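Architecture and fold: a report
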Amino acid sequence: MDADVIIVGSGMGGATLAAALASTGRRIMILERGGHLRASASDRDAGAIFGDGAFRPDEAWLDGQDRSFNPGNYYYVGGNSKFYGAALIRYRASDFDAVPQSGGQTPGWPIGYSDLEADYQAAEEMYQVRGRQADDPTEPAHSGNYPHPPVPDEPDIAALRERLKHAGLHPSHIPLGVDQAAWLAAGLTTWDAYPNTCGGKMDAETCGLAAALAHENVTLHTGCIVERLECNQRGFVTAAVLANGERLTASRFVVAAGAVQSAALLLRSANDNCPSGLANRSDQVGRNFMNHNCSAVLALHPMRKNKSIYQKTLMLNDFYRGSNTRPPLGNVQMLGKITGPILAATTPLPRWLAHWIAARSFDFYAMSEDLPNPGSRVTLKNGQIKLDWQRSNWDVHLQLVQELKRVLRQVGFPIVLSQPFDRRTPSHQCGTARMGNDPALSVVDSHCRSHDHPNLFIVDASVLPTSAAVNPALTIAALALRAGRRMTQTEFAA
Ligand SMILES: Cc1cc2nc3c(=O)[nH]c(=O)nc-3n(C[C@H](O)[C@H](O)[C@H](O)COP(=O)(O)OP(=O)(O)OC[C@H]3O[C@@H](n4cnc5c(N)ncnc54)[C@H](O)[C@@H]3O)c2cc1C
């Protein structure tokens, strides 16, 4: 055997699980397709990042109409978290329940919020989250405090917070995995969508993987694309086969390649005994792809400038829950500060206008729940990934944007612009190997073990049964800690 556990992928799921398993002393081998992100001149260059796609993969997927596109999916040690906004938010307690939505019904989870609370707490400690529990009407119960106080507002955001409060809203602090002083010391930009080469962001590499690799029994192998998994007739996974033909064996395997790539790997691993792919007797692998419905909303006053550099400290959950008169609409949080070069690179606006707007705009991210739908799916077409994302609940998202625009006008912004996020950016991808109690309807159990293969686990965004309307990374980390604890008890008990 080459290892006791092979983990495919070093993102939020894979790295956090490796950290959870490290103290078992078992030989844990992490196979990562990408390499380490090293500091470069492009790190804080908005034109290179947003215009030239300097860090995007050299890869093409197909959309639902078979049109080719270059996805905003990142392959580096630490996965997509190297670029994330580091908003580390717990799902709200109601997100684990079946909730009627105007576009259908969220199915709920096989576990409740209380089953995951201790793992959320541990994940916040591992990722050194900065936050404060007060102020947010939807904040679920915490068994402990955030490890650090919130990242401070810049003066223009502090003033905005007061105006929102005055209008009767409940702005709260985004829980963030960022040391803003360390981040700013390496360059005066925001961190959202920028690569973390300075260590200022708490990501899967700087936290989860660093904790795992402190143990000699954990090894990381970069540049290893796992092409498929082999499985014997008894249903046990036996080997990971790399793109270079190398075959690596272990007694347990974890797929943590991200929601799209994990589904693709399982589908590519079809064999005579599993003709529709591994872990796929339910025919749910690749289905229920979700990605949140998101818009950028820019609010400005022609006579006032926004001098913020990072901006991303404030969120609003006033519209999160439904009421007698409207359904649950979602979360609103600040985007990382949009600058002139970002706006010029991502819109057809003339440069002067992009700079004029960005100097004044307060930039918001409106995020609504995307509901699971079996027809929204990842498949393979002649070996190529086909992502047929069928958005749901879009009318709810439009209502959220309308509500936000109304509030922003009320607090003094005569101009409010909005733009839905590009469909080709699957930042919050999830759902493609969903968790559930019924093996006929789900892919893994509530501890992330495949219903079909006793030694196969799936531990990343794929297993989320619902997308809720908050960012996914902390929930992925908490689920990885829960899965790791169960594996330690059941697989590696002394
Ligand atoms: C710009 C941006 C901003 C974001 N902001 C936030 C935020 O503020 N808060 C938040 O919660 N979330 C945010 N997200 C989403 C968050 O980053 C992801 O939800 C999370 O990182 C997903 O973790 P994962 O483990 O599921 O997968 P990934 O991060 O995709 O990790 C999978 C890993 O597997 C590797 N891999 C893939 N295929 C193979 C293979 N065949 N063989 C070997 N290795 C493979 C990949 O290279 C990657 O390292 C953001 C994402 C982006 C892109």
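Report on the accompanying structure. Predicted model only: the values in this text are computed from it and were never measured.

**Observations concerning the packing of helix α1 (residues 12-22) against helix α6 (residues 204-213)**
Between two packed helices, both the angle of their axes relative to each other and the distance between the axes serve to describe the pair. Packing of α1 against α6 leaves a shortest axis separation of 7 Å and a crossing angle of 25°. Taken together, the axes of α1 and α6 lie roughly parallel to each other. Like other packed secondary-structure pairs, α1 and α6 cross with a definite hand, here left-handed. Across from M12, A15, A18, A19 and A22 in α1, the residues of α6 making contact are A204, G208, L209, A211 and A212.

**Some details on helix α7 (residues 259-268)**
Burial of α7 is extensive: nine of the ten residues sit out of reach of the surface. For α7, the set of buried residues is A259, V260, Q261, S262, A263, A264, L265, L266 and L267.

**Comments concerning the pairing of strand β12 (residues 293-300)**
Most of β12 sits inside the fold, with eight of its eight residues counted as buried. Neither face of β12 is left uncovered, since the one carrying N293, S295, V297 and A299 and the one carrying C294, A296, L298 and L300 both have all their residues buried. Taken together, the seven bridges between β12 and strand β15 (residues 362-368) define a ladder with antiparallel strand orientation. Within the sheet, the bridge partner assigned to A296 lies in β15 and is Y365. Note that β12 and strand β18 (residues 415-420) share six bridges and pair antiparallel. Counted as the bridge partner of A299 is V416 from β18.

**Here we look at the site of the ligand**
Contacts to the ligand come from 36 residues, most closely from G13, E32, G85, A87 and A473. In this structure, an oxygen atom belonging to the ligand sits 3.3 Å away from a main-chain N or O atom of G79. Taking P472, its main chain carries an N or O atom lying 3.3 Å from an oxygen atom of the ligand. Here the ligand has 1000 Å² of accessible area as a free molecule, and 96% of this is covered by the chains. Elements represented by at least two residues in the shell around the ligand include exactly α1 and α11 (473-491). When its residues are assigned to classes, the shell around the ligand shows 20 nonpolar, 13 polar and three charged.

**Observations regarding the packing of α1 against α11**
The interhelical angle for the contact between α1 and α11, taken along N-to-C directions, is 35°, at an axis separation of 8 Å. The two elements α1 and α11 cross, and the hand of that crossing is right-handed. For the pair α1 and α11, the contacting residues are M12, G13, T16, L17, A20 and L21 in the first and A473, I476, A477, A480, L481, A483, G484, M487 and T488 in the second. Here the contact of α1 with α11 is built from residues that sort into eleven nonpolar, four polar and no charged.

**A word on the pairing of strand β2 (residues 28-31)**
Regular strands place side chains that alternate from one sheet face to the opposite one. Where burial is concerned, the two faces of β2 agree: the one with I28 and I30 and the one with M29 and L31 are both buried. Where strand β1 (residues 3-8) and β2 come together, four bridges link them in parallel fashion. Following the sheet pairing, V5 is matched in β2 by I28. Following the chain from β1 across α1 to the adjacent parallel β2, one finds a crossover that is right-handed. As judged from the four bridges shared by β2 and strand β8 (residues 218-221), these two strands associate in the parallel manner. Bridged to M29 within β8 is T219.

**Remarks on the pattern of salt bridges**
Under the definition given, this model contains 25 salt bridges. Two residues, E59 and R33, come together in a salt bridge whose shortest N-O distance is 3.5 Å. Of the two residues, E59 is situated in the loop between α2 (46-51) and β3 (61-62) and R33 in the loop between β2 and α2; the sequence distance between them amounts to 26 residues. Look at E59 and you get buried, because its relative accessible area is 18%. On the basis of relative accessible area, R33 is assigned to the partly exposed category, the value being 30%. K337 is the partner of D363 in a salt bridge, and the nearest nitrogen-oxygen pair spans 2.8 Å. Taken together, the residues span a long stretch of sequence, with D363 in strand β15 and K337 in the loop between β14 (331-334) and α8 (340-346) at a distance of 26 residues. Neither residue differs from the other here; D363 and K337 are each classed as buried. Linked through salt bridges whose partners overlap, the residues forming this network are D66, K381 and K386.

**Topic: the sheet that holds β18**
On the basis of which strands lie adjacent, the open sheet formed by six strands has the order β7-β13-β14-β15-β12-β18 and antiparallel pairing. Sheet topology places β7 (171-173) and β18 at the edges, where each strand pairs with a single neighbour. In this sheet, adjacent strand axes meet at a mean angle of 25° when their direction is disregarded. Here strand β13 (residues 314-316) runs beside β14; their pairing, made up of two bridges, is antiparallel. Directly across from L316, in β14, lies its bridge partner V332.

**As for the state of the cysteines**
What the rule picks out here adds up to zero disulfides. Among the cysteines around C198, which has no disulfide bond, C207 carries the closest sulfur, lying 12 Å off. On the basis of relative accessible area, C198 is assigned to the partly exposed category, the value being 32%. Free of any disulfide, C430 has its nearest cysteine sulfur in C294, 11 Å distant. With a relative accessible area of 2%, C430 lands in the buried category.

Conventions adopted
Positions within a chain are numbered from 1, following the residues in the order the chain's sequence is written. Residue-level local features of this predicted model are given only where pLDDT is at least 70; pairs of side-chain atoms are given and counted only at 80 or more, and the full residue set underlies all totals for whole chains, interfaces and linings. The side-chain values count all of the structure's non-hydrogen atoms but skip hydrogen atoms and water molecules. Angular values range over 0 to 180 degrees, each being the angle between N-to-C directions of two axes fitted as lines to C-alpha atoms, with helices fitted over their stretch in contact. The helix and strand labels rest on DSSP assignments: H or I over at least four residues marks a helix, E over at least two residues marks a strand, and numbering proceeds from the N terminus. To sort the angles, those under 35 degrees are grouped as roughly parallel, those over 145 as roughly antiparallel, those from 65 to 115 as roughly perpendicular, and the leftovers as oblique. A crossing counts as left-handed when the near helix is turned anticlockwise from the far one by less than a right angle, and as right-handed when that turn is clockwise. Residue contacts are counted whenever heavy atoms from the two residues lie within 4.5 Å of one another. Between buried and exposed lies partly exposed: a residue is buried under 20% and exposed over 50% of the maximum accessible area for its type, with that area taken using a 1.4 Å probe on protein chains only. The pairing criterion for strands is at least two bridges between them, as found by DSSP. When at least one non-hydrogen atom of a residue lies within 4 Å of a molecule or strand, that residue is treated as near it. Pairing of N or O atoms within 3.5 Å defines a polar contact, subject to two protein rules: one partner must be a possible hydrogen donor and the other a possible acceptor, and residues neighboring in sequence count only if both atoms are side-chain atoms. The method behind every accessible area is Shrake-Rupley, applied with a 1.4 Å probe, and residues are considered shielded solely by the protein chains displayed. Just so you know the grouping, Ala, Val, Leu, Ile, Met, Phe, Trp, Tyr, Cys and Pro go in nonpolar, Asp, Glu, Lys and Arg go in charged, and all remaining residues, Gly too, go in polar. The crossover handedness rule: strands pointing away from the viewer, path from first strand over the helix to second strand clockwise, crossover right-handed. Salt bridges are defined by distance alone: a side-chain nitrogen of Lys or Arg within 4 Å of a carboxyl oxygen of Asp or Glu. What counts as a disulfide here is a pair of cysteine sulfur atoms lying within 2.5 Å.

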